[in-house]
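Breakdown of the fold
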Amino acid sequence: MSSRISRVVVTPVAFADPPLLNVVGVHQPYALRAMVEVHTDAGSLGLGETYAGELHLERLRAVGQALGGHDPYDLNGLRRVVVETLGRETGGGSDSVGGMLAIDSAVDQVFSPFEVACLDLQGRETGRPVSDLLGGAVRDRVPFSGYLFYKWGAHPGQDADEWGEALTPEQVVAQARRMVDGWGFGSLKLKGGVLPPDQECEAVEALADAFPGVPLRLDPNCGWTVETSLQVADRLGGVLEYLEDPTLGIDRMAQVRARTSLPLATNMCVIAFDHVPPAVREGAVDVILSDHHLWGGLRRSTLLAGICDTFGLRLSMHSNSHLGVSLAAMTHLAAATPNLTYACDTHYPWKTEDVVLPGVLEFVDGSVPVPTGAGLGVELDRDALGRLHDQYLSSGIRARADTAYMQTVQPDFTPNTLRW
Ligand code: GKR
Ligand code: MG
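Residues numbered from 1 in each chain as written. Chains lettered and ligands numbered in written order. Predicted model: local features only at pLDDT ≥ 70, side-chain atom pairs only at ≥ 80, totals over all residues. Heavy atoms only, no water.

An unreviewed UniProt entry lists the chain under the name glucarate dehydratase, with Auraticoccus monumenti as the source organism. Listed under Catalytic activity (unreviewed entry) in UniProt, the entry text for the chain is "D-glucarate = 5-dehydro-4-deoxy-D-glucarate + H2O". What the UniProt record of the chain gives under Pathway (unreviewed entry) is the line "Carbohydrate acid metabolism; D-glucarate degradation; 2,5-dioxopentanoate from D-glucarate: step 1/2." (UniProt positions renumbered as here; feature names shortened; annotations may be inferred.)

On to the UniProt feature "active site" (unreviewed entry) in the chain. The sites that carry the UniProt feature "active site" (unreviewed entry) are, in the present numbering, Lys-191 and His-318. For the residues just named, distributed over 128 residues, the greatest C-alpha separation is only 12.2 Å, placing them together at one site. In this structure, Lys-191 sits in strand β8 (residues 188-191). On the accessibility criterion, Lys-191 (5% relative accessible area) is buried. Looking at Lys-191, its side chain comes within polar contact range of the side chain of Tyr-147, at 3.1 Å. Assignment of secondary structure puts His-318 in the loop between β13 (314-317) and α11 (324-335). Sequence-distant contacts of His-318, defined by excluding residues within four places in its chain, comprise Asn-267, Leu-289, Ser-290, Asp-291, Met-330 and Asp-345. (Helix = DSSP H or I, 4+ residues; strand = E, 2+ residues; numbered from the N terminus. Buried < 20%, exposed > 50% of the residue type's maximum accessible area, 1.4 Å probe, protein only. Polar contact = N/O pair within 3.5 Å; in protein donor to acceptor, adjacent residues only side chain to side chain. Contact = heavy atoms within 4.5 Å.)

For the rest of this paragraph, the subject is unusual backbone geometry. Even without glycine at this site, Asn-221 takes up a positive phi of about 45°. By relative accessible area, which is 2% here, Asn-221 ends up buried. One non-glycine residue, Asp-245, lies in the positive phi region at around 40°. Summarising the element assignment, Asp-245 is placed in the loop between β10 (240-244) and α8 (249-258). Under the relative-accessibility criterion, Asp-245 is labelled buried at 0%.

On to the sheet that holds strand β5 (residues 45-50). Hydrogen bonds between backbone groups are what pair the strands of a sheet, and the pairing can be parallel or antiparallel. Within the open sheet, the 3 strands sit side by side as β1-β4-β5. Their pairing is antiparallel. In this open sheet, the two strands that pair with only one neighbour each are β1 (5-16) and β5. Direction aside, the axes of adjacent strands within the sheet are offset by 20° on average. Where strand β4 (residues 30-40) meets β5, 6 bridges bridge the pair, whose relative direction is antiparallel. By the bridge assignment, Val-38 is partnered in β5 with Gly-46. Each of β1, β4 and β5 touches helix α1 (residues 54-66); the most contacted strand, β1, lies at about 160° to it. Packing against the sheet, helix α12 (residues 382-395) makes contact with β1, β4 and β5, and its axis sits at approximately 65° to β1. (Pairing = 2+ DSSP bridges. Axes fitted to C-alpha atoms, helices over the stretch in contact; angles between N-to-C directions.)

Turning our eyes to something else, we now look at the coordination of the magnesium ion (ligand 2). Taken together, Asp-219 (OD), Glu-244 (OE) and Asn-267 (OD1) make up the full set of protein donors to the magnesium ion (ligand 2), lying 2.0 to 2.1 Å away. What makes Asp-219 buried here is its relative accessible area of 1%. (Donors = N, O, S within 2.8 Å, 3.2 Å for Na, K, Ca; no water.)

What follows covers the side chain of His-322. In this structure, His-322 sits in the loop between β13 and α11. Relative accessible area serves as the criterion here: at 2%, His-322 is assigned to the buried category. Look past the residues within four positions of His-322 in its chain and what remains in contact with it is Phe-15, Arg-33, Glu-49, Leu-327, Met-330, Thr-346, His-347, Tyr-348 and Lys-351.

It is worth spelling out the packing of helix α5 (residues 169-183) against helix α6 (residues 197-210) at this point. Angle between the axes and distance between the axes: these two values describe a pair of packed helices. Two elements in contact, α5 and α6, have axes separated by 9 Å at closest approach and are oriented at 45°. Comparing their axes, α6 and α5 come out oblique. Along this stretch, α5 crosses α6, giving a crossing that reads as right-handed. Between α5, through Pro-169, Val-172, Val-173, Ala-176 and Arg-177, and α6, the contact on the second element is made entirely by Glu-202, Ala-203, Ala-206, Leu-207 and Ala-210. A class-by-class count of the residues in the contact of α5 with α6 yields 8 nonpolar, no polar and 2 charged. (Parallel < 35°, antiparallel > 145°, perpendicular 65-115°, else oblique. Left-handed = near helix turned anticlockwise from the far one by under 90°. Nonpolar A, V, L, I, M, F, W, Y, C, P; charged D, E, K, R; others polar.)

Our focus in this paragraph is the site of ligand 1. Residues in close proximity to ligand 1 total 17 residues, the closest being Asn-22, His-27, Tyr-147, Asn-221 and His-347. One of the side-chain nitrogen or oxygen atoms of Lys-189 is found 2.9 Å away from an oxygen atom of ligand 1. Between Glu-244 and ligand 1, the recorded distance is 3.1 Å, taken from a side-chain N or O atom to an oxygen atom. Considered on its own, ligand 1 offers 340 Å² of accessible surface; in the complex 99% of this is hidden by protein. (Near = heavy atom within 4 Å. Areas by Shrake-Rupley, 256 points an atom, 1.4 Å probe, with all protein chains shown as cover.)

It is worth spelling out the domain arrangement of the chain at this point. Domains assigned within the chain are domain 1 (5-131 + 381-395) and domain 2 (132-369). At the junction of the two partners, domain 1 supplies 49 residues and domain 2 supplies 56 residues. In this assembly, domain 1 and domain 2 are joined by 27 residue pairs in polar contact (both at pLDDT 80 or more). Of all the secondary-structure elements, those providing two or more residues to the side of domain 1 that touches domain 2 are β1, β2 (21-22), β4, β5, α2 (75-86), α3 (107-126), α4 (130-133) and α12. Element by element, the count of residues in the side of domain 1 that touches domain 2 is highest for α3, at 9 residues. When its residues are assigned to classes, the side of domain 1 that touches domain 2 shows 28 nonpolar, 12 polar and 9 charged. (Domains from an automatic or database assignment.)

Written as structure tokens, this is what we have:
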């Protein structure tokens, strides 16, 4: 008889995160993630990584309990268990990414880490990398882009971090230089929505001067009106490879796209399968940023890739703050997705701690070589896992709360959505 799931362990962890600024506020001193371990009665193990808001953790644990005796190769059955466990509840997604996203259903987010863990487990048992289980790698390294942020030099009350402050074009260029020198990135993305658009345009123009020929992206997370988005598109049209989520919602994005030829990308107005038809109908976007944590795992992300291919949409990949299990999953997915031709986003350079043993995941010339070992190819560092779990317990942080944290410094701050 084939092995069955005997035990699921969900471990929330907190890892140090610099004060990165965005449209809804600023990153807290620690970012949260949950590690999901799926064990079988035959002694096999699979790993997944996901968000760690409290409601999400509750749901993960409920599904974990319901999975006892389940066949780890039955991924359709796994989805059924998630749907049944969450019941008829839709009540908003588990984690709205610090308040940036309106998510209707938690099913995809809860299913994702279990699916990844089962694929990791299947790969370990069959001796095949996860990319093979997704149809086979079409590339042996996955390019990532250097993800630049406006940031404070330090969290309030703490010593300056190694990156220093980035609030001016010169400081953004210096940050980019460090990213490029340290990781070899061949494309750059600036997180905007922080300063008035003119200043963000100046920073992008400074990047274009400092890194001629390097593809650039700007993402203000819906900080702008339609008119402002058009002014920026006009000004940066010759500089950007795409403009990401300049404004809020499919309708506004379509209004912008109708009046510019600059490609528009999104990880905010198309975040579920039922957003694709209206976006296509209205011609709102050119590029969808997939994210297996949000879209229901690795296989549904390859399904999204097929849909994009059918409708002539291009594909890139989104990132939130994450650790090595996620980076491994993102790399296998991108490797096995032929039409994912943009460099993927990653927050990885911003973290200084991890739960995976070093040696497998590394950046070479801005790309991560696809792990060739069985499954995801990464192993948990149990000591680090324990340490970061203790950090979670002592941090007191139980949800991502960029706005509330910003308000401790600037009490009158409200999110910049559609501000300019
Ligand atoms: O980490 O501050 C951040 C980002 O702004 C993140 O929350 C976004 O989801 O990176 C993301 C994006 O591309 O929109
Ligand atoms: Mg984005």
